[in-house]
Amino acid sequence: MVPPVFAHGALRLYLLALLEDGPKHGYEIIRALSERFGGTYSPSAGTVYPRLSKLEEEGLVATAPEGRRTVYSITDSGRAELEERRGELADVEEDISASVRRLADSLREELRASMRGLRADLAATAETARRSAQRSSAPPWGVGGSGGAGARPTDDGPAGRTPAAGRAEQVRENAGRLAEAEMLVQAFRDDLRVELRAHAAAHPITEITVEALRAALESTRAAIRAALRP
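Every chain is numbered independently, its residues counted from 1 as its sequence is written. In keeping with the predicted nature of the model, local features appear solely for residues at pLDDT of at least 70, side-chain atom pairs appear and are counted solely at 80 or more, and the whole-chain, interface and lining totals rest on all residues. With hydrogens and water excluded, all non-hydrogen atoms of the structure serve as input to the side-chain values.

A. Region of interest: the pattern of salt bridges. The term salt bridge refers to a pairing of a side-chain nitrogen on Lys or Arg with a carboxyl oxygen on Asp or Glu at a separation within 4 Å. Overall, the coordinates contain seven salt bridges when judged by the stated rule. Across the pair R86 and E83 runs a salt bridge whose closest N-O atoms are separated by 3.3 Å. Each residue is assigned to one of three classes by its accessible area relative to the maximum for its type, calculated with a 1.4 Å probe on protein chains only: buried under 20%, partly exposed between the two thresholds, exposed over 50%. The class of R86 is partly exposed, set by a relative accessible area of 31%. A salt bridge links E88 to R85; the shortest N-O distance between them is 3.0 Å.

Below, the structure written as structure tokens:
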């Protein structure tokens, strides 16, 4: 569906303007439109191709095969119409800029609402994990010890270990878990960078993309901090 910014004939005119920069195949035209909208709107093939066909029928656009693709280029007649309607094209550009701002504002509000829900879910998950870890690491007072069932272990610790030996083992276990946690953080960072670069190679990194990434990372950091509380 064509967004409201494209009034009758506006998309047709804008397609001619895109082709004025040089020949393009259909996917390049769709991508150029998406980039012009900052990623807030991406036209469908069903929106673009019928209008290109109409422009070809009117002699304003020519086509040529290029492998399995069709390349579209503007004709002299298309350039003449574009030149006659420069004033209209400037109005279309202004309308697009206003539409991008409106769409961006709407997406930001949707993003904020989604991040609030995500933050709450992450915090709840972190709290559950923290409590579970506390229960699993609690000493089994009801088992063993010289005082019988329910008695606290003696100072020598389980199996006759000295307090110093017990502390040394705790230090070793803590160091191992710290190393594992740091490896998890590093792997998360590396995987995210790979995905981000792959996305950037195929799509523009828009302001909305950066804002969504920032909000998601802040929510994740808040949840991790909650999990680290003693």
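Let us keep going from here.
B. A look at the pairing of strand β2 (residues 61-66). In this structure, β2 lies alongside strand β3 (residues 69-74), joined through six bridges in antiparallel fashion. By the bridge assignment for β3, E66 is matched with R69. When DSSP finds two or more bridges between a pair of strands, those strands are recorded as paired. To qualify as a helix, a DSSP run of H or I must reach at least 4 residues; to qualify as a strand, a run of E must reach at least 2; elements of each kind are numbered from the N terminus. Counted between consecutive antiparallel strands, the loop separating β2 from β3 contains two residues, among which G67 sits at a positive phi close to 65 degrees.

C. Structural view of helix α2 (residues 26-36). Every buried residue of α2 is accounted for by G26, I29, I30, A32, L33 and S34. Throughout, a residue-residue contact means that at least one pair of heavy atoms, one from each residue, lies within 4.5 Å. Contact partners of the buried residues in α2: α1 (10-20), β1 (24-25), α3 (45-57) and β3.

D. Highlighting the side chain of T75. Looking at the secondary structure, you find T75 in the loop between β3 and α4 (76-84). For T75, a relative accessible area of 18% corresponds to the buried category. A distance of 2.6 Å separates a polar side-chain atom of T75 from the backbone oxygen of G59. Setting aside anything within four residues of it in sequence, one finds T75 in contact with G59, L60, V61 and A62. Pairs of N or O atoms within 3.5 Å make up the polar contacts considered here, provided that, within protein, one atom can donate a hydrogen while the other can accept it, and that residues adjacent in sequence are counted only when both atoms are side-chain atoms.

E. View of the packing of aromatic side chains. Each Phe, Tyr or Trp ring (for Trp, its six-membered ring) is paired with any other whose centre lies within 6.5 Å, and the angle between the two planes then decides the class: stacked below 30 degrees, edge-to-face above 60, tilted in between. Tallying each qualifying case throughout the model produces one aromatic pair. When the ring of Y49 is compared with that of Y72, the centres are 6.5 Å apart and the planes differ by 50 degrees; the resulting orientation is tilted. Of this pair, Y49 sits in helix α3 while Y72 is found in strand β3, placing the two residues 23 residues apart along the sequence.

F. Representation of the confidence of the model for the chain within the structure. With 67% of its residues at a pLDDT of at least 70, the chain reaches an overall mean of 76. Per-residue confidence from the predictor is given as pLDDT, running between 0 and 100. For the chain, the element scoring lowest by mean pLDDT is helix α5 (residues 86-137), at 69; β3 scores highest, at 94. Counted against residues more than four places away or in other chains, residues 143-147, with its pLDDT under 50, gives three contacts.

G. Inspection of the side chain of R85 at higher detail. Structurally, R85 is set in the loop between α4 and α5. Accessibility expressed as a relative area gives 16% for R85, which makes it buried. There is a polar contact of 3.0 Å between the side chain of R85 and the side chain of E88. Contacts of R85, omitting those with residues within four sequence positions, involve G9, R12 and L13.

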